[in-house]
Amino acid sequence: MKLSVVILNYNVCYFLKQCIISVERALGNMDAEIIVIDNASVDGSCQMVKDTFPGVKLIENKENVGFSKANNQAVAVAQGEYLCILNPDTAVAEDTFLKCFKLAEQQPKLGALGVRLLDGTGNYLPESKRNIPTPRASMLKMMGFTKKYYASHISEAERGEVAVLVGAFMFLKRSVYNEVAGFDEDYFMYGEDIDLSYKILQAGYTNFYLGSAEVLHYKGESTEKDAAYLERFYGAMQIFYRKHFKSNVLTDISVKQGVQLAKLLKTKNVQNIKTKIAEPGNALVITDNFSLLQQLSEAVPIPL
């Protein structure tokens, strides 16, 4: 088998359905499989997969075991020569996998391959390609200086070597994944893609970014940006530094203070965003169903 597409789902049934449809179209007649592993969703995701996609291999966890452990579970039963680790809130273009295979055949020491990620409005997501997030680079990013953090030496439409890819789409050989022991299960969520990218580089492989292949990533649909999210996100960065950087008092204090500052700033941003979204002034409805419009006007407390 050529490819195993692994999709980890958690309570995003609608996005998962669209994702699988896009993957099936992109696979075409390829010798491949789709594996959906579900982390105890309660929105009917598993039943939807069973009813709509009987050919998809479904693994149902009884509890949310996190990103790393769940993906490792799925890869353990995968049969493809290559893997694609894919978020459920994504849609792949019909030529995405073909372009990935073409580049993979040209790079004998290919580690992981990432693509050009676009958000739901078509804007490029700079986390598609990043540098190693050293404490210094991360601190500069928090202050608004992102040049050292993102791999800006390659334009978004080009291709080339990069250090870190994003876990929303990672294409690599299953043998490479297993050689570096997959995702580190010390990470529950966030940071594991940085860690895997770094381990692949340490093993002597090269990570690549392919700007000609595009994937929509609605980004964060399965994650609520609350205090627990912030704790996990910045906690993951502390795990990464502890594992891969030499510890000294100055660095430890800087990282700890930087993480606390970032959490504080992010918390304020999240609160501001929630406030703005919670108070819309009006809404626009485009429909030729006047009965529906009347019912909405009676139910919605703002002008339509």
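Residues numbered from 1 in each chain as written. Predicted model: local features only at pLDDT ≥ 70, side-chain atom pairs only at ≥ 80, totals over all residues. Heavy atoms only, no water.

A. Region of interest: the packing of aromatic side chains. By the definition in use, this model includes 8 aromatic pairs. Here the aromatic rings of Tyr82 and Phe171 are separated by 5.2 Å at their centres, their planes lie at 20°, and the arrangement is stacked. Residue Tyr82 is found in strand β4 (residues 82–86), and its partner Phe171 is found in strand β8 (residues 169–173); the two are separated by 89 residues along the sequence. With respect to burial, Tyr82 and Phe171 carry one shared label: buried. Considering the side-chain rings of Phe101 and Phe171, the 5.1 Å spacing of their centres and the 90° angle between planes classify their relative orientation as edge-to-face. Taken together, the positions of Phe101 in helix α4 (residues 96–106) and Phe171 in strand β8 put the pair 70 residues apart, joining distant regions of the chain. (Phe/Tyr/Trp six-rings, centres within 6.5 Å; stacked < 30°, edge-to-face > 60°. Helix = DSSP H or I, 4+ residues; strand = E, 2+ residues; numbered from the N terminus. Buried < 20%, exposed > 50% of the residue type's maximum accessible area, 1.4 Å probe, protein only.)

B. Fine view of the nonpolar core. The biggest cluster of nonpolar side chains holds 39 residues, and the ones touching the most others in it are Leu3, Phe97, Phe169 and Phe171. By residue number, the principal contributor to this core is helix α1 (residues 13–27), which donates 7 residues. With near-sequence residues (within four places) excluded, Phe169 lies in contact with Cys84, Ile85, Leu86, Val92, Thr96, Phe97, Cys100, Leu113, Gly114, Val115, Leu117 and Val215. (Core = buried A, V, L, I, M, F, W, Y, C linked by side-chain atoms within 4.5 Å. Contact = heavy atoms within 4.5 Å.)

C. Focus on the pattern of salt bridges. As enumerated under the stated definition, the model contains 8 salt bridges in all. For the salt bridge of Glu60 with Lys50, the shortest nitrogen-to-oxygen distance reads 3.0 Å. Of this pair, Glu60 sits in strand β3 (residues 57–61) while Lys50 sits in helix α2 (residues 45–52); the two residues are 10 residues apart in sequence, bridging distant segments of the chain. Connected through shared salt-bridge partners, Arg116, Glu156 and Glu214 make up one network. (Salt bridge = Lys/Arg side-chain N within 4 Å of Asp/Glu carboxyl O.)

D. Structural detail: the confidence of the model for the protein chain. When pLDDT is averaged along the protein chain, the result is 83; 73% of the residues meet or exceed 70. For residues 221–226, every residue scores under 50 in pLDDT, and the model assigns this stretch 14 contacts once sequence neighbours within four places are set aside. (pLDDT = per-residue confidence, 0-100.)

E. Expanded view of the pairing of strand β1 (residues 3–9). Of all 7 residues making up β1, 7 are buried, and the element is well covered by its neighbours. By the alternation rule, side chains of β1 split into Leu3, Val5, Ile7 and Asn9 and Ser4, Val6 and Leu8, which are all buried. By the bridge criterion, 7 bridges tie β1 to strand β2 (residues 32–39) in an arrangement that is parallel. Opposite Leu3, over in β2, you have Ala32 as the bridge partner. Handedness of the crossover joining β1 and β2 through α1: right-handed. When β1 meets β4, the two strands line up parallel, connected through 5 bridges. Counterpart to Leu3 in the pairing with β4 is Tyr82. (Pairing = 2+ DSSP bridges. Right-handed = clockwise from strand over helix to strand, strands pointing away.)

F. A look at the pairing of strand β9 (residues 206–217). Pairing geometry for strand β5 (residues 90–92) and β9, over 3 bridges, is antiparallel. If you follow Ala91 over to β9, its bridge partner there is Leu216. Two elements, strand β7 (residues 159–161) and β9, share 3 bridges in a ladder whose sense is antiparallel. In the sheet register, Glu161 faces β9, and the bridge partner there is Phe208.

G. Local environment of the environment of Met1. Tracing the backbone through its elements, the reader meets Met1 in the segment before β1. Look at Met1 and you get partly exposed, because its relative accessible area is 36%.

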